[in-house]
Amino acid sequence: MAAAGGRRAKASRGALGRRRPRAAVPGAEGRPRAAAGRPVDEEVSSDSEPESPSLGRRRREVAVEEEVEETPQEKKLRLAKLYLEQLRQYEEERAVDEEEEETEPVDLIGDRLKEDVLEQKGQLQRLVAKDVQLPDPTSIRVLRGHQLPVTCLVISPDDRFIFSASKDGALIKWEVESGKRLCVVPGGKKGSEELHMGHASQVLCMAISSDGKYLATGDRNKLIMIWDTATCKRLHIFTGHRDAVSGLSFRKGTHQLYSGSHDRSVKVWNVAENAYMETLFGHQDIITGLDSLSRDCCVTAGGRDGSVRLWKIPEESQLVFSGHQGSIDCIQLINEEHMVSGADDGSVALWGLTKKKPLALARQAHGMQDVQGLQQPYWISAVAALRNSDLVATGSHSASVKLWKCGEGFRKLEPLSDIPLVGFVNSLKFSAAGDFLVAGLGQEHRLGRWWRIKEAKNSICIIPLKQRVAAPSPKAPDGC
């Protein structure tokens, strides 16, 4: 597996690894910019000036005074007790809701803690794929509102809302239960960013924080906009990328935001502090997708440079993976140690973060198409994974979304079922509970206009995923 150390890379402009951008003030490179005194909706650049030394000293003194009230050991004990109490309440409520009739006592908290440990290690794989039923096509709900192809979407952590954006620059907040549009931020005309609240160019990516507080959106005009999810009010604008912003992801449990761009760089931001943190370089082509979980790292797809990369932020290093033959256009983490990616050569790959080659590779995953008399595979335009499970979904323009089962150890990829959907599937997301899948459809691919499917509808599709109910096993007669 190729690895590039960040410290030596700083000395050379072309080397792989981390490089911080130039700043107008000496010594300002890579330093977080705090947001104290800044008005809401101020533009924040990765070239902004640092805070004054006296302001930083006063903040540190205040922080020290606050921390004196509670020792680290006391804080750990308090948080542990609070966590266990929340677990106990959650598991008891879930057991009541599901009306489970257990003949033997179950250690709810113990089982949950074991799952948490496996999840942190990246070894948790809930086996749910075998129980997923093929949905009735008539049960798929279609939400219309975008004028141009939908390019990206996210689901709120509580599974109540969907946020979507499109090539028309519009941002829409939907209610899952009713399908109603709760908020619409229309797209503006090119060059009207300063006067218009929303985007004035195609929106290519979005991400939502794990607490559901912030929404981030990125567009072709190099801008990242931060929104309040409750009110759909724009809070900040982040600038600094030198080309289209094509990938966004919040680190789970924090307000740290990773962004990827067609300028081949990855930037790190602190949304809560309204601050730029650092920039990393390494890809040799545009970044087409980005994802992260709770660790201080992110994964990216590098388009036609043929690589998937894992960026380790604290270690100032990156790992390089290769296996696809075409442009890698989409990527998502399954758990902390495994991920899935799709490419325009029609292949879908499963990866382990300790192996430089795919653990499993499905070629021509969506079949072949006739293009001007030539047989070519359908491009994989979207992938999704139900976190910490064996269920994966892929999208193309082959008139269907495919569900896949990951084998034990993620070393096999088995097709489960096809869900009919006409158009380019530009985005896919599973709900946190795994009871529905959302697809963003368009007449065109999110990154270009190579084909146009006129019969397709620019829309959001909510696909219900029901679990098969296991038949009760017959009781053995007495005396057997």
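In what follows, the accompanying structure is described. Fair warning: this is a prediction, and the values are worked out from it, not measured in the lab.

**Concerning the nonpolar core**
Inside soluble globular proteins, nonpolar side chains tend to come together where they are buried.
Okay, so step 1: Ranked by size, the top nonpolar core spans 21 residues in total, and within it Ala 393, Val 401, Leu 403, Leu 428, Phe 430 and Leu 437 carry the most contacts.
Okay, so step 2: Mapped onto this core, the elements with two or more residues apiece are strand S27 (382-385), strand S28 (391-395), strand S29 (400-406), strand S31 (424-430), strand S32 (436-442) and strand S33 (459-464).
Okay, so step 3: With residues near it in sequence (within four places) discarded, Leu 428 still touches Ala 382, Val 383, Ala 384, Ala 393, Thr 394, Gly 395, Val 401, Leu 437, Val 438 and Ala 439.

**Observations regarding the sheet that holds strand S8 (residues 181-185)**
Pairing between the strands of a sheet comes from backbone hydrogen bonds, and it takes one of two forms, parallel or antiparallel.
Okay, so step 1: Strands sit in the order S5-S6-S7-S8 across an open sheet of four strands; the sheet is antiparallel. With one partner strand each, in any of the chains shown, strand S5 (150-155) and S8 form the two edges of the open sheet. Neighbour to neighbour, the strand axes of the sheet diverge by 15° on average, direction disregarded.
Okay, so step 2: One ladder, built from five bridges, connects S5 with strand S6 (residues 161-166); its direction is antiparallel. Of the residues in S6, the one forming a bridge with Val 150 is Ser 166.

**Focus: the pairing of S29**
Okay, so step 1: Across the seven residues of S29, six count as buried, placing the element largely inside the fold.
Okay, so step 2: Note that S28 and S29 share five bridges and pair antiparallel. For Val 392, the partnering residue across the bridge sits in S29 and is Trp 404.
Okay, so step 3: With seven bridges connecting them, S29 and strand S30 (residues 413-420) associate as antiparallel partners. Within S30, the position partnered with Ser 400 by the bridge is Pro 420.
Okay, so step 4: The antiparallel pairing of S29 with S30 creates a hairpin that spans six residues between the two strands, and Gly 409 there sits at a positive phi of about 70°.

**Let's talk about the sheet that holds strand S9 (residues 203-208)**
Okay, so step 1: If you walk across this open sheet you meet the five strands as S3-S12-S11-S10-S9, and the pairing is mixed. The open sheet has two free edges, formed respectively by strand S3 (43-45) and S9, since each of these has just one partner strand. Between one strand axis and the next, the sheet turns through 25° on average, direction left out of account.
Okay, so step 2: Bridge analysis of S9 against strand S10 (residues 214-219) gives five bridges, and the strand direction is antiparallel.

Cut-offs and rules
Residues numbered from 1 in each chain as written. Predicted model: local features only at pLDDT ≥ 70, side-chain atom pairs only at ≥ 80, totals over all residues. Heavy atoms only, no water. Core = buried A, V, L, I, M, F, W, Y, C linked by side-chain atoms within 4.5 Å. Buried < 20%, exposed > 50% of the residue type's maximum accessible area, 1.4 Å probe, protein only. Helix = DSSP H or I, 4+ residues; strand = E, 2+ residues; numbered from the N terminus. Contact = heavy atoms within 4.5 Å. Pairing = 2+ DSSP bridges. Axes fitted to C-alpha atoms, helices over the stretch in contact; angles between N-to-C directions.

Everything listed is a geometric property; what it means functionally is a separate question.
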